[in-house]
Amino acid sequence: MIKQTTQKHSRYVGGHVSCAGGIPTSIGRAVGIGANCLQIFSASPRTWAKKPLEELPIDEFLIAHKEANMGPTFTHAVYLVNFASESRAARKKSVDTLIYDLQFDAAIGGSGVVVHLGSHQGRGWEAVRTQVAQEITTILENTPEHSTFLIENSAGQKGKLSSDLSEIRWLLDAVASPRLGWCLDTCHAFAAGYSFGSEDIPPDNIGKNEPRGDLFTQLETYDLFSTLQCIHVNDSKDLFASGRDRHQNIGEGSIPKEWFETLLQRPELKSMSLITEAPGFDGKGPDRENIERIRNLAR
Ligand SMILES: [Zn+2]
């Protein structure tokens, strides 16, 4: 039995943890870093291969989850997904893997599957958006009611979908399902050029891309607070508006502390699960130190 030994916290703060040795092991790892919520992969994130769901020790996971008094569990989709691919076969693989992940999400009583939508590879957002919305709709039509698809914002890399929040708004409208929401990654928002604090960024910490303006103004403009379901709290190894996606430990990267505090203390975001995907101070992934730092910033 894995008992949660840490004190009761008013906020859900956790990290992405490994399922090596089977999904129930993730709970012990989450408890070990002082997390009260978590994110996992349903299988290896670098291959399409998945075990049949009925072969997974889901009951054991649910018991461990309950005994540890753990909060929300998010699933992260594989990195190979691309709904904007020109190849029908590639899109079919993306749809199939997400159908599996949403079934997995429903089976484990999860809070959603976080997805990078992929890249249009130079074709442009307008050329691919209808197709992307159709693929998401197909996934939702073929998965249980109690499963959720969460679009993650991207870091502004060339061709990557959903770096711009207007694209997330467009997809939410086009798909029009309460089972579609989104996840805000702080490192990606920063790298994409959204500011979320008042402290100025030193000029030598600003990248070459065009800034996209104030994050909160845009969340209000696009009415995106109510559909946000998770925040990935990561610092950035790269500059503001750099268009690069490399996570850093909290407090060790380019994002000002005041920006984290401003974001995490926003009244609209107080009930949000905060999940870190930081590299870890010993390089082994999200750890107790990163989670404690987030708790201090979020208060
Ligand atoms: Zn993320």
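What comes next is a walk through the structure.

Basis of the calculations
Residues numbered from 1 in each chain as written. Predicted model: local features only at pLDDT ≥ 70, side-chain atom pairs only at ≥ 80, totals over all residues. Heavy atoms only, no water. Buried < 20%, exposed > 50% of the residue type's maximum accessible area, 1.4 Å probe, protein only. Helix = DSSP H or I, 4+ residues; strand = E, 2+ residues; numbered from the N terminus. Arc of directions from axis to C-beta. Salt bridge = Lys/Arg side-chain N within 4 Å of Asp/Glu carboxyl O. Pairing = 2+ DSSP bridges. Right-handed = clockwise from strand over helix to strand, strands pointing away. Donors = N, O, S within 2.8 Å, 3.2 Å for Na, K, Ca; no water. Tetrahedral: all angles 85-135°; square planar, octahedral: opposite > 155°, others 65-115°. Core = buried A, V, L, I, M, F, W, Y, C linked by side-chain atoms within 4.5 Å. Contact = heavy atoms within 4.5 Å. Axes fitted to C-alpha atoms, helices over the stretch in contact; angles between N-to-C directions. Parallel < 35°, antiparallel > 145°, perpendicular 65-115°, else oblique. Left-handed = near helix turned anticlockwise from the far one by under 90°. Nonpolar A, V, L, I, M, F, W, Y, C, P; charged D, E, K, R; others polar.

## Thoughts on helix α1 (residues 25-32)
Taken together, the buried positions of α1 are Ser26, Ile27, Ala30 and Val31. Buried positions in α1, seen along its axis, are confined to an arc of 135 degrees and lie on one side of it. Directly beyond the C-terminal end of α1, a positive phi value near 80 degrees is found at Gly34.

## Examining the pattern of salt bridges
Scanning the entire structure with this criterion turns up 12 salt bridges. Measuring nitrogen to oxygen at the nearest pair gives 2.9 Å for the salt bridge that ties Asp164 to Arg212. Within this pair, whereas Asp164 is found in the loop between β5 (149-152) and α5 (165-175), its partner Arg212 is found in the loop between β7 (194-195) and β8 (213-214), the two being separated by 48 residues in sequence. Of the residues examined, Arg212 reaches a relative accessible area of 27% and is grouped as partly exposed. Arg246 serves as the salt-bridge partner of Asp238, at 2.9 Å between the closest nitrogen and oxygen. A residue is classified by how much of its surface remains accessible, and Arg246, at 36% relative accessible area, is partly exposed. Within this structure, Glu220, Arg266 and Glu268 form a network of salt bridges that share partners.

## Things to note about the pairing of β5
Side chains of β5 alternate between two faces, with Phe149 and Ile151 and Leu150 and Glu152 buried alike. In terms of strand pairing, strand β4 (residues 113-115) meets β5 through three bridges, oriented parallel. For Val113, the partnering residue across the bridge sits in β5 and is Phe149. Between β4 and its parallel partner β5, the chain crosses via helix α4 (residues 125-141), and the hand of that crossover is right-handed. In this sheet, strand β6 (residues 180-185) lies alongside β5 in parallel orientation, the contact comprising four bridges. Looking at the pairing, Ile151 lines up with Trp182 of β6. Crossover connection from β5 via α5 to parallel β6: handedness right-handed.

## Structural notes on the coordination of the zinc ion
For the zinc ion, the full set of protein donor atoms is Glu152 (OE), Asp185 (OD), His232 (ND1) and Glu277 (OE), at a range of 2.1 to 2.2 Å. For the zinc ion, the four donor atoms in the first shell make angles of 86 to 179 degrees at the metal, a pattern classed as irregular. Site description for the zinc ion: donor spacing in sequence, E-x32-D-x46-H-x44-E. Of the two residues, His232 is situated in strand β9 (residues 228-232) and Glu277 in the loop between β12 (273-276) and α9 (288-298); the sequence distance between them amounts to 45 residues. On the accessibility criterion, His232 (0% relative accessible area) is buried. Residue Glu277 is classed as buried on the basis of its relative accessible area of 16%.

## Here we look at the nonpolar core
Phe83, Leu98, Leu117, Phe149 and Trp182 are the most contacted members of the largest nonpolar core, which has 80 residues in total. No other element matches the seven residues that α4 contributes to this core. Setting aside residues no more than four positions away along its own chain, Phe149 makes contact with Phe83, Leu98, Leu102, Val113, Val115, Leu117, Ile136, Ile139, Leu140, Arg179, Leu180 and Gly181. Among the nonpolar cores identified, the runner-up in size contains seven residues, and Cys37, Val114, Cys183 and Ile275 belong to it.

## Side note on the sheet that holds strand β3 (residues 73-76)
Pairing is parallel around the closed barrel formed by eight strands, whose spatial order is β1-β2-β3-β4-β5-β6-β9-β12. Across the sheet, the mean angle separating the axes of adjacent strands is 30 degrees when strand polarity is ignored. For β6 and β9, the ladder comprises four bridges, and the chain directions are parallel. Each residue of the ladder has a partner; that of Leu184, found in β9, is Ile231.

## Regarding the packing of α4 against α5
At a closest axis distance of 9 Å, the pairing of α4 and α5 adopts a crossing angle of 50 degrees. Judged on the interaxial angle alone, α5 and α4 are oblique. Note on packing geometry: the crossing formed by α4 with α5 is right-handed. Judged by residue contacts, Trp125, Arg129, Thr130, Val132, Ala133, Ile136, Thr137 and Leu140 of α4 engage Glu167, Trp170, Leu171, Ala174 and Val175 from α5. Per-class residue counts for the contact of α4 with α5 are nine nonpolar, two polar and two charged.

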